[in-house]
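The chain contents come next:
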Amino acid sequence: MERWTTRPCKEKVGFCYSSPSVWVAYSCGHLQGVSKRCKEKWFRHNCWKQCKVYYSSKMTLADSEVEAIPFNFVFPSRLNGFESEGAYSVMIAASELERKTGKKVIRLEIGQPSEPTPKHIVEAACKSLQAGETGYTLPLGLRALREEIARHVTETRGVAVLPEEVVVGPGAKPGLFFTALSILHPGEEVIYPDPGFPTYKAMAIIAEAKPVPVPMRADGKSFDMQALEKAVSSKTKMLILNSPNNPTGGVMPTEDILHIAKLAKQHNFYVIADEIYSRLVYSDEKPPSIFSLPGMKERTILIDGFSKAYSMTGFRLGWAIMPELLTKKMEPLLVHAVGCTPPFVQAAGLAALRGSQDSVQEMAKEYEKRRDLVVKELNSIPGVWCPVPEGAFYAFPDVSSFGMTSKQIANILLEKGMVAVLPGTDFGANGEGRIRISYVAPMDMLKEGLKRIRETLATLSTMNNNGIA
């Protein structure tokens, strides 16, 4: 068998997904050390389009050897439509732009709190490391942490929770993914918000279920309830409720939560309540958790974690509350996928819950000030409309008046304005015409970012008014 390597290439030209994995989609992947005739034959029979880079590149011998995957390799169908999060792609693009230009990009694309992790939490992790707590732990989490989470949920949601109903994982995403794998059968349907967190669609795909996106209201607070009614069917097995919502920052009204609970009972489906932003609600009156409603605990999986409320994104620590029978199915999934969550990370989580909550309240007040600034400034830009988010730390303004796609607007803001935001379509088709702005950056950085957005969009407005674009 011939052996070859791929040579890195800057130009983005794609190959069909059924080609060998050495030709990754969106990269050139032309071979080195293989005859031109052999390559041309491969291109004709295995590609949907020829490699532009190959025909303009000088052939060289491979410096190292990698065994090729057989030509008949095809990715499994369960990966169809399975994509990464757009936030990471924009983060990489912004970093590359900074490297190339030597200029600073204002980073408003990702939900990374600018405040440091509270000191007592960091100290708890360090103390655990210094005490030698670096070995394996129980797959479902340390008993002490599960007890503390159970106490916290009982207190904050008003429903008694046992430690045996708590699953601890490296981040909140295992709670989402492994719950889907534990509950869903192939072909069953998962209803989720569109626009919504990209993992919702991904977890349904991996579980070989059918993703059913339901549009949100224009203000981003809730589902379009008429559309939701139509989406529910005999195949509906799971509905995902995210409030406060990412990317809209909307908080679902109590009447809609009650209606979803009624639908869940009528049609016998589970609800995943993703409440990772539950500590960041800016109104005095907070709607109840669907987990707290009568008859909903047994059919609700509550997802939460430490990343947002305690600025612990890099710690990767989350938790889920579910019926004890389901936790027993989650355990082997955790064992085979991640093994366990590091003990020193769990020690930090214990300190977060047991320690002072002043930092959480102070952070929420600061985010509210930043939100007010962002919404005011965005709504003063001609052609932009931004509803007031009631929670989380995202604004989701409408920029459709500029006559471009969300991705085009986001690209222009990055490349010409040097400010990174996310296109609304990174969160689903119904995000078209919107961009997401994360307002966790310091106030001075937010002001500079908004200034750049204003100036860049003004050039688009002028171009459109002159009929140039």
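Residues numbered from 1 in each chain as written. Predicted model: local features only at pLDDT ≥ 70, side-chain atom pairs only at ≥ 80, totals over all residues. Heavy atoms only, no water.

S.K.: I tried to follow the overall build of the chain on my own but got confused; where do I start?
M.R.: Along the chain, the regular secondary structure elements total 14 helices and 14 strands. For the chain, the residues scored as buried account for 51% of the 469 residues in total. A separation threshold of at least 6 residues defines the contact pool for the chain, and within that pool the share at least 24 residues apart is 73%. For the chain, the accessible area works out to roughly 22200 Å², and carbon and sulfur atoms hold 54% of it. (Helix = DSSP H or I, 4+ residues; strand = E, 2+ residues; numbered from the N terminus. Buried < 20%, exposed > 50% of the residue type's maximum accessible area, 1.4 Å probe, protein only. Contact = heavy atoms within 4.5 Å. Areas by Shrake-Rupley, 256 points an atom, 1.4 Å probe, with all protein chains shown as cover.)

S.K.: Please explain the nonpolar core as it appears in this structure.
M.R.: Generally speaking, nonpolar side chains in soluble globular proteins are found buried as a group. Leu108, Met203, Leu378, Phe393, Ile453 and Leu457 are the most contacted members of the largest nonpolar core, which has 66 residues in total. Shared between two domains, this core takes at least three residues from each, and those domains are domain 1 (79–107 + 358–463) and domain 2 (133–355). Residues within four places of Leu457 in sequence aside, it is in contact with Ile381, Val384, Phe402, Ile409 and Leu413. Core analysis: the second largest hydrophobic core is formed by 48 residues, Ile257, Ile260, Phe291 and Leu350 among them. (Core = buried A, V, L, I, M, F, W, Y, C linked by side-chain atoms within 4.5 Å. Domains from an automatic or database assignment.)

S.K.: Please explain the pairing of strand β5 (residues 189–194) as it appears in this structure.
M.R.: For β5, the buried fraction is high: 6 of the 6 residues fall into the buried class. Residues Glu189, Ile191 and Pro193 point to one face of β5 and Val190, Tyr192 and Asp194 to the other, with burial holding for every one of them. Two strands pair when backbone bridges link them, and β5 and strand β6 (residues 210–215) are joined in this way by 6 bridges, in the parallel orientation. Each residue of the ladder has a partner; that of Tyr192, found in β6, is Pro213. With respect to chirality, the unit in which β5 leads through helix α7 (residues 199–206) into the neighbouring parallel β6 is right-handed. With 3 bridges joining them, β5 and strand β7 (residues 236–242) adopt parallel strand pairing. Paired with Ile191 across the bridge in β7 is Leu239. (Pairing = 2+ DSSP bridges. Right-handed = clockwise from strand over helix to strand, strands pointing away.)

S.K.: Would you mind going over the sheet that holds strand β11 (residues 394–395) with me for this structure?
M.R.: Hydrogen bonds along the backbone pair up the strands of a sheet, which may run parallel or antiparallel. Across the sheet, which stays open at both edges, the 3 strands sit in the order β11-β14-β13 with antiparallel pairing between neighbours. The sheet terminates laterally at β11 and β13 (422–423), the two strands that pair on one side only. Relative to strand β14 (residues 435–438), β13 is paired through 2 bridges, and the arrangement is antiparallel. Pairing of Leu422 across the sheet is with Arg436, part of β14.

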